[in-house]
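# Architecture at a glance
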Amino acid sequence: MADHALTVPDASLSLVERTLAIGQEFPDVETCRRTLKDIAISLHFDLRIVKSDRSRFIAKCSKEGCPWRVHVAKCPGVSTFSIRTLHGEHTCEGVQNLHHQQASVGWVARSVEARIRDNPQYKPKEILQDIRDQHGVAVSYMQAWRGKERSMAALHGTFEEGYRLLPAYCEQIRKTNPGSIASVFATGPENCFHRLFISFRASIYGFINACRPLLELDRAHLKGKYLGTILCAAAVDADNALFPLAIGIVDVESDENWMWFMSELRKLLGVNTDNMPRLTILSERQRGIVEAVETHFPSAFHGFCLRYVSENFRDTFKNTKLVNIFWNAVYALTTVEFETKISEMVEISQDVIPWFQQFPPQLWAIAYFEGVRYGHFTLGVTELLYNWALECHELPIAQMMEHIRHLLVSWFNERRDMGMRLTSILVPSTEKQILEAIADARCYQVLRANEVEFEIVSTERTNIVDIRSRICSCRRWQLYGLPCAHAAAALLSCGQNVHLFAEPCFTVASYRETYSQTINPIPDKSRWKEPGEGAEGGGAKLDMTIRPPKTRRPPGRPKKKVLRVENFKRPKRIVQCGRCHLLGHSQKKCTAPI
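Quick summary incoming for the structure in this document. In this text the structure is predicted, and so the values were computed from the model without any measurement. (Residues numbered from 1 in each chain as written. Predicted model: local features only at pLDDT ≥ 70, side-chain atom pairs only at ≥ 80, totals over all residues. Heavy atoms only, no water.)

### Some points on the environment of R33
In this structure, R33 sits in helix α2 (residues 29-43). Considering only alpha carbons, one finds R33 and F57, 24 residues apart in sequence, at a separation of 7.9 Å. Beyond its immediate stretch of four places on either side in the chain, R33 contacts I49, S52 and F57. Looking at R33, its side chain comes within polar contact range of the side chain of S52, at 2.8 Å. (Helix = DSSP H or I, 4+ residues; strand = E, 2+ residues; numbered from the N terminus. Contact = heavy atoms within 4.5 Å. Polar contact = N/O pair within 3.5 Å; in protein donor to acceptor, adjacent residues only side chain to side chain.)

So, in structure tokens, the structure goes:
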């Protein structure tokens, strides 16, 4: 058993592994100490150290009169230690309860290291229960908590080291992913961490060249040792999946930090394109975000997240009928339809009038909002940031960003592979909507006015379609970027392929282009070089030592923000019949008499 050390002892240890022998060697005294401690815990006896120095280690059983004793000494001329004398028999009854003196914080840390490497969310309660089940030893909650903290530090480094690594980490991103933006900023005479901004070239390219001109903004508060807030700007790909564009970490959420984040975002987009289309930006419209968007994206359309607005309406009025009419108003395509629904709400409660003054319909109602949402109304980035905060809050900041980078790499690879398997013109989610529009188009009579204009006639209404300008008087084509049922009827009547009249951002070609670039790997931190030169693109110099921010997590268990799962579900689109104009069914399923 030379050079044999037990790092994770348990009840499954073989008889040979539980037995020491004269002449057995250990690479160093620390390995010897740990091995003896592991065996003592496994065999349920207390170990008492008599002597421990650079040349020898002597231990005995702590029970008075028990002859068990071991003497380990350094071998001459080498660094190893070997057992010189051993009395290996116990005459005592051993430890009769679940508490064991050798079950120290260090032992707990070693015992759970492998599990924590795979699962950083391994909780202290789970640790103490698993140790009791596997080793028959009871440790306290604080022992389990401190053991996890020590194991996390051994695996990932300390929180303080994470901040020190940021300048070199940003340099590695710029070096391995040319065209990426990565900068860190410190504040005060002590160079305390202030801000971090990262955007990979692959994400920038995908957004500029293939995504719809739509961005979501949100933040999540971190609960790590030094707190902080993660900010994110995310786009939406052709198949309605979230596409993170830029990530920021700030010491505290503030109007000033939002202004800085939007300034960096503006620089990023300004450098990469000269003809950026007018953006539609969605957020919860906190004051700091509103001011930052108005300053750096003055031409953008900045709308409310519909989830945020609808929850406020629901919580304010607590009236199911009002809420249902509210959603009908939200999805109304024309101002006439919208005002009709508002009148219905006012009849139920006059209190909706001041609410609409607080939340102007121009900022959220489809009928009035000037930007193009392409059928995207809520913030998927909220759920994404919430998950990141849960997964990463126990990791140092550099390791947290590496965890996020690994997720992005995985998403890019999976979606790139999926895009190559698609054989249709449009992505699956859009393909389904086009087929529904084609099915509904059979209910209409089509009158052709000229080469590009058509009248689409139903029993209740006539709509005008211009296939050259891609406009329908119902406004759905313009607002969603996809041919509506009226447009589908006009296109089919003149032998056109309806699929070809969807906006390019919904095509498989755009989807492939979105994920065509790769996020390159970053070398292990042991290979990073830290030359004493300035960081490109601003930010801290490589030779600057960045210290943690002044903010510290207060003592006690952090408060958990409970988010209902249903809050993350996209609000269901309410179908309105084109014949009878009632909600809940399409013309294809309408049973009203013609």
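On we go from here.
### Regarding the sheet that holds strand β16 (residues 471-472)
On the basis of which strands lie adjacent, the open sheet formed by 4 strands has the order β13-β14-β15-β16 and antiparallel pairing. Looking along the sheet, the strands with just one partner apiece sit at the ends: β13 (445-448) and β16. Taken together, the 4 bridges between β13 and strand β14 (residues 453-457) define a ladder with antiparallel strand orientation. If you follow Q445 over to β14, its bridge partner there is V457. Its contacts with the sheet place helix α19 (residues 485-493) against β13, β14, β15 (462-466) and β16, and it is angled at close to 120° to β14. (Pairing = 2+ DSSP bridges. Axes fitted to C-alpha atoms, helices over the stretch in contact; angles between N-to-C directions.)

### Concerning the pairing of strand β6 (residues 181-187)
The pairing of β6 with strand β7 (residues 192-199) spans 7 bridges and is antiparallel. The partner of I181 across the bridge, within β7, is S199. Connecting the antiparallel pair β6 and β7 is a turn made up of 4 residues, with G188 showing a positive phi of about 80°.

### Observations regarding the environment of E344
Along the chain, the position of E344 falls in helix α13 (residues 335-348). Taking the C-alpha atoms as reference, E344 lies 7.6 Å from I325; in sequence the two are 19 residues apart.

### So, the nonpolar core
Formed by 94 residues in total, the largest nonpolar core has its most connected members in L196 and F261. Ranked by the residues each element gives to this core, the list is headed by helix α16 (residues 397-421), at 8 residues. Not counting the four nearest positions on each side in its chain, F261 is found in contact with F197, L217, L231, C232, A233, A246, I247 and G248. Counting 30 residues, the second largest nonpolar core, distinct from the first, contains F304, I325, F359 and Y480. (Core = buried A, V, L, I, M, F, W, Y, C linked by side-chain atoms within 4.5 Å. Buried < 20%, exposed > 50% of the residue type's maximum accessible area, 1.4 Å probe, protein only.)

### Let's talk about the packing of helix α17 (residues 428-441) against α19
The contact between α17 and α19 brings their axes to 8 Å, and the two run at 70°. The orientation of α17 with respect to α19, classified from their angle, is roughly perpendicular. Contacts between α17 and α19 pair A437, I438, D440 and A441 from the former with A485, A488, A489 and L492 from the latter. Tallied by class, residues from the contact of α17 with α19 come to 7 nonpolar, no polar and 1 charged. (Parallel < 35°, antiparallel > 145°, perpendicular 65-115°, else oblique. Nonpolar A, V, L, I, M, F, W, Y, C, P; charged D, E, K, R; others polar.)

### Overview of a nonpolar patch on the surface
On the surface, a cluster of nonpolar side chains totalling about 260 Å² of accessible area is made up of Y141, M142 and W145. By the element assignment, W145 lies in helix α5 (residues 141-156). (Patch = residues over 30% accessible without salt bridge, like charges linked within 9 Å, V, L, I, M, F, W, Y side chains within 5 Å. Areas by Shrake-Rupley, 256 points an atom, 1.4 Å probe, with all protein chains shown as cover. Salt bridge = Lys/Arg side-chain N within 4 Å of Asp/Glu carboxyl O.)

### A few points about the packing of aromatic side chains
This structure, assessed with the given rule, holds 32 aromatic pairs. Judged by centre distance (5.1 Å) and plane angle (50°), the ring pair of F45 and W68 falls under tilted. Here F45, found in the loop between α2 and β2 (47-52), pairs with W68, found in the loop between β3 (56-61) and β4 (69-74); they are 23 residues apart in sequence, far enough to count as distant. For W68, a relative accessible area of 6% puts it in the buried group. Relative to Y515, the ring of F412 lies with its centre 5.1 Å away and its plane at 80°, an arrangement referred to as edge-to-face. (Phe/Tyr/Trp six-rings, centres within 6.5 Å; stacked < 30°, edge-to-face > 60°.)

### Considerations on the pattern of salt bridges
Under the criterion given, the structure shown has 17 salt bridges. Between D255 and R287 there is a salt bridge, with the nearest N and O atoms lying 2.7 Å from each other. Linking D255 in helix α9 (residues 255-272) with R287 in helix α10 (residues 287-296), this pair joins segments that are 32 residues apart in sequence. Residue classification places R287 among the exposed positions, given a relative accessible area of 60%. Through salt bridges with shared partners, a single ionic network connects E30, R33 and R34.

### Some thoughts on the sheet that holds β2
The strand order across the open sheet formed by 5 strands is β1-β5-β4-β3-β2, and the pairing between neighbours is antiparallel. Single-partner strands in this sheet number two, and they are β1 (25-26) and β2. In this sheet, strand β5 (residues 81-87) lies alongside β1 in antiparallel orientation, the contact comprising 2 bridges. Each residue of the ladder has a partner; that of F26, found in β5, is F81. Contacting β1, β2, β3, β4 and β5, α2 crosses the sheet at an angle of about 165° to β2.

### Focus: α19
Counting buried positions along α19 gives 7 out of 9 residues, so the element sits mostly inside the fold. Listed as buried for α19 are A485, H486, A487, A488, A489, A490 and L491. Here the buried face of α19 lies against α17, β13, β14, β15, β16 and α18 (476-480). Note on α19: the residue one or two positions beyond its end, G495, has a positive phi of about 75°.

### Section: the side chain of S458
Relative to the assigned elements, S458 resides in the loop between β14 and β15. Here S458 falls in the buried class, since its relative accessible area comes to 15%. A distance of 2.9 Å separates a polar atom in the side chain of S458 from the backbone oxygen of R461.

### Here we look at unusual backbone geometry
In this model, R285 sits at a positive phi of 55°, which is unusual for a non-glycine residue. Along the chain, R285 falls in the loop between β11 (280-283) and α10. In this model, R475 sits at a positive phi of 80°, which is unusual for a non-glycine residue. Here R475 is to be found in the loop between β16 and α18.

### Thoughts on helix α12 (residues 320-331)
In this model α12 runs 17 Å from its N-terminal to its C-terminal C-alpha over 12 residues, within 8% of the 16 Å that 1.5 Å per residue would give. Every buried residue of α12 is listed here: L322, V323, I325, F326, W327, N328, A329, V330 and Y331. The inward-facing, buried residues of α12 abut α11 (306-317), α13, α14 (352-358) and α18. A distance of 3.0 Å separates the backbone nitrogen of K321 from a side-chain oxygen at the start of α12, and that oxygen is part of N319. (Expected span 1.5 Å × (residues − 1).)

### Section: the side chain of E394
For E394, the position within the fold is in the loop between α15 (380-392) and α16. Those residues in contact with E394 that sit more than four places away from it in its chain are P120, Q121, K148, E149, M152 and F159.

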